[in-house]
Structure formats: structure tokens, C-alpha cells
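Descriptive structure summary
Residue-level listing of the chains:
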Amino acid sequence: MSFVPTARILRTATFRMALAYLALFGSSVFVLLGFVYVVTTSVIEQQTTQLLDAEVTALAEQHRLHGLVGLHRAIQRRTGAKPHATGIYLLTDPLGRPLAGNIETWPAAARDENGFLHLSIAIRTGEDEVDLRTALARTFVVDGGYRLLVGRDIEDRLRIQQLIERTMLWGIGLTLLLGLAGGLAMSRPLLRRIDAINRTTRAIIEGDLGRRIEERGSSDELDVLTRNLNAMLARIEELVGAMRQVSDNVAHDLRTPLTRLHNRIEVALMGELGEARSRELLEATLKDADQLLGTFNALLDIAKAESGVAREAFEEVDLGELARDMAELYQPLAEDKGVRFRQEGAGSVRLRAHRHLAAQAIANLLDNAVKYTPRGGLIALALDEGPPVTVTVADTGPGIPPDQREAVLERFVRLDAHRSTPGNGLGLSLVHAVARLHDAGLELADNRPGLRVRLSFPHEPTPA
Ligand SMILES: Nc1ncnc2c1ncn2[C@@H]1O[C@H](COP(=O)(O)OP(=O)(O)OP(=O)(O)O)[C@@H](O)[C@H]1O
Ligand SMILES: [Mg+2]
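The structure presented is a predicted model; accordingly, all values stated were derived computationally and were not measured.

1. Concerning the pattern of salt bridges
Scanning all chains against the criterion turns up 26 salt bridges. Measuring nitrogen to oxygen at the nearest pair gives 3.7 Å for the salt bridge that ties R227 to D223. Here the residue R227 and the residue D223 both occupy positions in helix α4 (residues 221–269), the gap between them amounting to 4 residues, near one helical turn. We classify R227 as partly exposed; its relative accessible area is 35%. Note that D288 and R260 form a salt bridge whose closest N and O atoms lie 3.3 Å from each other. In this pair, D288 is assigned in helix α5 (residues 275–307) and R260 in helix α4, connecting sequence segments 28 residues apart. Among the residues examined, D288 registers a relative accessible area of 5% and is labelled buried. Connected through salt bridges with shared partners, the residues R193, D220, D223 and R227 form a single ionic network.

Here is the structure:
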């Protein structure tokens with residue numbers, strides 16, 4: 001496990017995402033708590049003013065019924081029994097001397113826009129105990145200069161308000177803290193895994209194609225990504241390997257004929273040969289050039305078949321006609337060699353195919369059969385309309401051992417026994433590529449004796 005510095009985590013996409021989420025979540029929490037705060041405080045505030053108003057109404061009623069004396073009595077009743085009640089009263093005479101109530105002096109406070117005074121008052125809670133509390137009050141002038149103050153202690157209300165405020169701050173603070181910690185905790189393992197991917201890709205860029213990203217087996221999305229990347233890397237390695245092999249082989253296989261060509265031209269240039277000998281040399285050179293061209297063409301055909309671009313050139317092809325054309329070409333060659341040639345099966349099967357490449361594939365199979373079947377043998381070319389439509393080329397030659405049947409499909413692969421015969425080892429590679437181009441099956445089997453190659457096309461034949 002590698003250590004991931006925090007500064008790097010702060011720059012990661014995961015952490016930023018966590019932050020954005022946190023901002024969203026944090027502001028929702030803020031709005032929600034703010035709403036709770038506003039609603040709660042306004043309810044408490046409303047309650048206070050309602051109580052105050054009710055008190056004022058009650059005292060006004062006393063005054064209306066019993067005059068100043070009744071008011072005085074009512075205040076004394078309210079303050080006498082519980083000197084530290086939440087109700088605050090003060091009745092003063094025209095000279096400002098207190099007559100009744102639970103505060104001693106007329107407070108000097110300005111009114112707010114609703115006509116309330118906000119007071120800070122000392123309330124006697126015991127013999128020598130004085131409590132400084134906040135209160136909300138209304139004042140009235142009673143007849144003849146007497147003044148009345150009716151208030152309510154709102155200290156408790158303020159405490160609740162403060163408590164809510166503090167809770168809100170803590171809530172938001174904790175949300176941010178937990179979110180931040182969560183973001184860090186979430187980013188760290190992800191960053192570690194992405195680091196592993198980066199390390200591997202860097203190693204691969206530097207040339208170590210065999211490197212793979214470590215899989216966790218957890219089948220989460222990152223693991224799936226890792227698996228896909230590894231599969232892609234394996235495929236790339238395979239392709240690079242194949243390409244390297246092909247170019248090695250091309251270089252190797254072309255060196256001999258090119259060197260021969262070079263030497264012959266050199267000899268001819270010396271000018272010491274007679275005309276007949278020079279001509280012979282030139283003809284041999286031409287043959288070498290032809291062979292080189294043949295190799296190149298075969299490689300190009302394979303590349304064309306493998307690229308899939310050739311699919312655009314698919315057309316309706318009569319395989320029966322194609323087989324007959326090929327038989328016409330190869331039958332004489334076989335018979336010249338003392339090998340019998342037989343053509344069997346359907347006269348006409350039409351399907352969508354690449355005319356040139358399909359013909360070349362059949363030609364390559366027949367070429368092999370003729371080349372590798374000794375005198376006295378038999379070659380059979382058969383077409384079956386299926387389904388599936390199959391083209392079979394069978395011979396009675398030496399055949400290909402089962403463990404070599406896959407290998408001979410590769411470019412430039414030839415069996416040791418046949419190294420002395422002319423050829424590049426490209427014929428079956430083209431057949432293989434053409435089969436894949438047509439989504440056709442290719443099967444190399446034992447013909448007891450000999451080789452039997454079967455191409456089976458999955459296509460529905462198109463009615464003639
Ligand atoms: N009908 C066959 N009987 C026996 N061996 C075969 C037959 N066809 C192919 N092979 C073996 O498979 C090898 C690969 O065949 P392929 O057609 O790819 O190449 P090639 O015939 O050697 O050369 P090219 O076709 O390029 O001229 C051959 O070299 C040969 O060893
Ligand atoms: Mg061949």
C-alpha cells in the first residue's frame with residue numbers, strides 16, 4: 001500500500017466531487033436549520049406578545065372597573081405572591097415614584113417600531129439576590145400622570161433562541177467536517193487504484209508491453225475497467241507480437257530472392273557472358289521478381305481480407321461457377337503430375353461473397369493439393385449447398401499432423417517436410433483470413449490418407 005499525500009488528494013476529481021456534494025448538502029442543511037430557526041423564534045415571539053397583550057387587556061379592565069385603586073390592587077396581586085414571575089409591572093405616580101410592581105425604577109429604553117421597549121432589568125429573586133434579565137414591555141399613561149409598565153421576561157426565550165443558534169452552528173460545522181473527512185477517506189483508496197493504473201500504463205509506454213494492472217476481483221466498476229484494460233493490453237501485445245513476427249518473416253523471406261536478384265544483375269552487368277547466357281539470366285531474374293510480386297500480392301490480399309474493408313465489395317457470387325473455373329485451372333496441373341482430379345456436388349449456389357478473395361482461397365487450397373499430393377493420388381473438389389454451404393478440397397497426400405493444423409494457418413509457416421518445395425507459407429493464411437471475412441468456418445481434417453479442408457459459409461444461399 002502506497003502513501004498518498006493529502007495535497008494530491010485535494011486535487012483529485014473524486015475529492016472535488018465530494019466537495020461539490022458537500023457544498024450542496026451543507027447548504028441544504030443550512031437552509032433547513034434556518035427555516036426551523038425562523039419558524040421557532042417567530043412562534044415564541046408571537047406567544048410573548050400575545051401574552052403581553054392579554055395582560056394589558058386584563059389590567060385595563062381592572063382600571064375601567066375599579067380605577068387606579070383597582071389597578072394598584074391587581075398589580076400587587078400579580079407581584080406579591082411570586083416576586084420573580086415572568087410578568088413585569090410598574091405603576092408610578094406623576095412624580096415618577098413607584099407605587100406598585102416588581103421593578104424599582106422606570107427604565108430608560110427607546111421603543112422599537114412595534115411600540116415595545118426592550119429592557120434589561122434587575123429582578124429581585126430573593127433577599128439580596130438580583131437577576132439581570134431581558135424583557136419586552138409596553139407602557140401606558142393612566143389618568144393624571146400615573147404611568148404603567150407591563151412587560152414580560154423574555155430571557156428564557158432568548159436562551160432557547162441562542163440554543164437553536166448554537167445547535168445550528170454545530171450542525172453545520174459537523175456536517176462540513178464529516179463531509180470533508182468522508183471526501184478524503186473516499187478519495188484515498190480510489191486515488192491509490194488510479195495510481196496503480198497510471199504506473200502500469202507508464203511502464204507500458206516505456207516499452208514493457210507485458211505489464212498488467214493488478215485486479216482486485218471485487219467486480220466494482222474500477223475492477224471491470226481494469227479487466228477491460230488488461231484484455232485490451234493483452235490484445236495489443238498479441239497484435240504487436242504478430243506484426244513483429246510478420247515483419248521479421250517478410251524481411252527474412254524476401255532477403256533470399258532479393259539477394260539472388262542482386263547477384264544475377266551484377267553478373268549480367270559484368271558483360272562477359274554470351275547473349276544466350278545473359279538471356280537465361282534475365283529470365284531467371286524475371287522469375288525471381290515474379291515470385292517477389294506474388295509474395296507481396298499474397299500479403300496484400302491477406303491484409304485486405306483481414307481489414308474487413310473488403311466487405312464493401314461483397315456481391316452475389318455463384319460458388320458453383322467459381323469452383324468450375326478453379327477446377328479448369330488446376331485439373332490440367334494435377335493430371336500433368338499424374339494425380340486424378342474430381343469435381344463433385346452442386347452446379348450452382350449463389351451467395352454474397354468477395355469474388356476475387358473467395359476464388360483466391362479455393363485456388364490456394366487446390367494449389368496445395370496439387371503441390372503436396374504425390375503421383376497416383378486423387379484430388380476432390382466438392383460443393384454442397386447445405387445448409388451450410390460448404391466447399392471441400394480433399395487430397396490423398398501426406399496430410400498435416402493434428403498438432404500442426406492451427407500453426408499452418410499463420411503467415412509464413414511451412415511444415416519442415418515441405419521446405420524444399422517452392423512456396424511462402426502464405427496460402428493457408430489467406431484462406432484463413434477469407435474464411436473470417438465471410439464469417440465462414442474453416443476446418444482442416446484427416447482424409448485418411450491426406451488432407452481435407454472444409455470451408456462452411458453460414459449464409460443462406462440466395463435463390464437462383
Ligand atoms: N494439402 C496439403 N497436404 C499436406 N500439407 C499441406 C497441404 N496444404 C498445406 N500443407 C502444409 O501447410 C503449409 C502451409 O501451407 P500454405 O499454403 O500456407 O503455404 P505453402 O503452400 O507452403 O506456400 P504458398 O501457398 O504461400 O505458396 C505447407 O508448407 C505444407 O507444409
Ligand atoms: Mg500453399
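2. Brief notes about the pairing of strand β11 (residues 441–446)
With 6 bridges joining them, β11 and strand β12 (residues 451–457) adopt antiparallel strand pairing. When the bridges of β12 are listed, L442 appears paired with L455. Between β11 and β12, which follow one another and run antiparallel, lie 4 residues, and R448 among them has a positive phi close to 40 degrees.

3. Looking at a nonpolar patch on the surface
There is a patch of nonpolar side chains on the surface, built from F35, V36, V39 and V43 and spanning about 360 Å² of accessible area. The residue V43 is located in helix α2 (residues 13–80) in this model.

4. Focus on the site of ligand 1
Ligand 1 sits among 18 residues. The nearest are N368, D395, R414, H418 and L428. L428 is positioned with one of its backbone polar atoms (N or O) 2.8 Å from an oxygen atom of ligand 1. In isolation ligand 1 offers 590 Å² of accessible surface; the protein chains occlude 94% of this area. Put simply, ligand 1 lies in the largest pocket. The set of elements that each furnish at least two residues to the shell around ligand 1 consists of α7 (355–372) and α8 (427–437). It is α7 that provides the largest number of residues to the shell around ligand 1, a total of 3 residues.

5. Considerations on the layout of surface pockets
Approximately 850 Å³ is the volume found for the largest pocket. For the lining of the largest pocket, the secondary-structure elements that each account for two or more residues are α5, α7, β10 (389–395), α8 and β12. When residues of the lining of the largest pocket are assigned to their parent elements, the largest contribution, 9 residues, is made by α7.

6. Some details on the side chain of T226
Looking at the element boundaries, T226 is found in helix α4. Residues in contact with T226, not counting those within four places in the same chain, are I197, I213, E214 and E215.

7. Thoughts on unusual backbone geometry
With an omega dihedral of -10 degrees, the bond running from R448 to P449 counts as a cis peptide bond. Residue position: P449 is located in the loop between β11 and β12. Even without glycine at this site, F412 takes up a positive phi of about 65 degrees. Note on placement: F412 falls in the loop between β10 and α8.

8. Brief notes about the sheet that holds β12
The 5 strands lie next to each other as β7-β9-β10-β12-β11, forming an open sheet whose pairing is mixed. Where the open sheet ends on each side, the last strands, each with one partner, are β7 (340–345) and β11. Recorded for the sheet is a direction-independent mean angle of 10 degrees between the axes of neighbouring strands. When β10 meets β12, the two strands line up antiparallel, connected through 6 bridges. If you follow T390 over to β12, its bridge partner there is S456.

9. What about α8?
The buried fraction of α8 amounts to 8 of the 11 residues, a majority that puts the element mostly inside the structure. For α8, the set of buried residues is L428, S429, L430, V431, A433, V434, A435 and L437.

10. Some details on the nonpolar core
Soluble, globular proteins show a tendency: their nonpolar side chains are buried together. The biggest cluster of nonpolar side chains holds 58 residues, and the ones touching the most others in it are L319, F341, L366, I379, L381, V391 and F457. Ranked by residue count, the leading element in this core is α7, at 10 residues. Leaving out residues up to four positions away in the same chain, L366 has contacts with M326, A327, Y330, F341, I379, L381 and V393. In this structure, L52, A74, L136 and I154 belong to the second largest nonpolar core, which totals 15 residues.

11. Side note on the environment of N249
Positionally, N249 belongs in helix α4. Take N249: its relative accessible area is 18%, and that puts it in the buried class. With 199 residues separating them in the primary sequence, N249 and R448 have C-alpha atoms 33 Å apart. If we ignore the near neighbours within four places in the chain, the residues touching N249 are R411 and F412.

12. Some thoughts on the packing of aromatic side chains
For the coordinates displayed, the defined rule picks out 1 aromatic pair. Between Y21 and F25 the ring centres are 6.4 Å apart and the planes differ by 10 degrees, which places this aromatic pair in the stacked class. Of this pair, Y21 and F25 both sit in helix α2, separated by 4 residues, roughly a single helical turn. A relative accessible area of 57% means that Y21 is categorised as exposed. Positioned over the ring face of F116 is R138, at 4.3 Å from the centre of the ring.

Calculation rules
- Residues numbered from 1 in each chain as written.
- Chains lettered and ligands numbered in written order.
- Predicted model: local features only at pLDDT ≥ 70, side-chain atom pairs only at ≥ 80, totals over all residues.
- Heavy atoms only, no water.
- Salt bridge = Lys/Arg side-chain N within 4 Å of Asp/Glu carboxyl O.
- Helix = DSSP H or I, 4+ residues; strand = E, 2+ residues; numbered from the N terminus.
- Buried < 20%, exposed > 50% of the residue type's maximum accessible area, 1.4 Å probe, protein only.
- Pairing = 2+ DSSP bridges.
- Patch = residues over 30% accessible without salt bridge, like charges linked within 9 Å, V, L, I, M, F, W, Y side chains within 5 Å.
- Areas by Shrake-Rupley, 256 points an atom, 1.4 Å probe, with all protein chains shown as cover.
- Near = heavy atom within 4 Å.
- Polar contact = N/O pair within 3.5 Å; in protein donor to acceptor, adjacent residues only side chain to side chain.
- 1 Å grid on protein atoms, 1.4 Å probe; cavity = no way out; pocket = protein on both sides within 12 Å on 5 of 7 lines; lining within 4 Å.
- Sits in = over half its atoms within 2 Å of the grid points.
- Points joined across faces, edges and corners; volume = space filled by probe spheres on them.
- Contact = heavy atoms within 4.5 Å.
- Axes fitted to C-alpha atoms, helices over the stretch in contact; angles between N-to-C directions.
- Core = buried A, V, L, I, M, F, W, Y, C linked by side-chain atoms within 4.5 Å.
- Phe/Tyr/Trp six-rings, centres within 6.5 Å; stacked < 30°, edge-to-face > 60°.
- Lys NZ or Arg CZ within 6 Å of the ring centre and 35° of its normal.

Everything listed here is a matter of geometry and, on its own, says nothing about what the molecule does.
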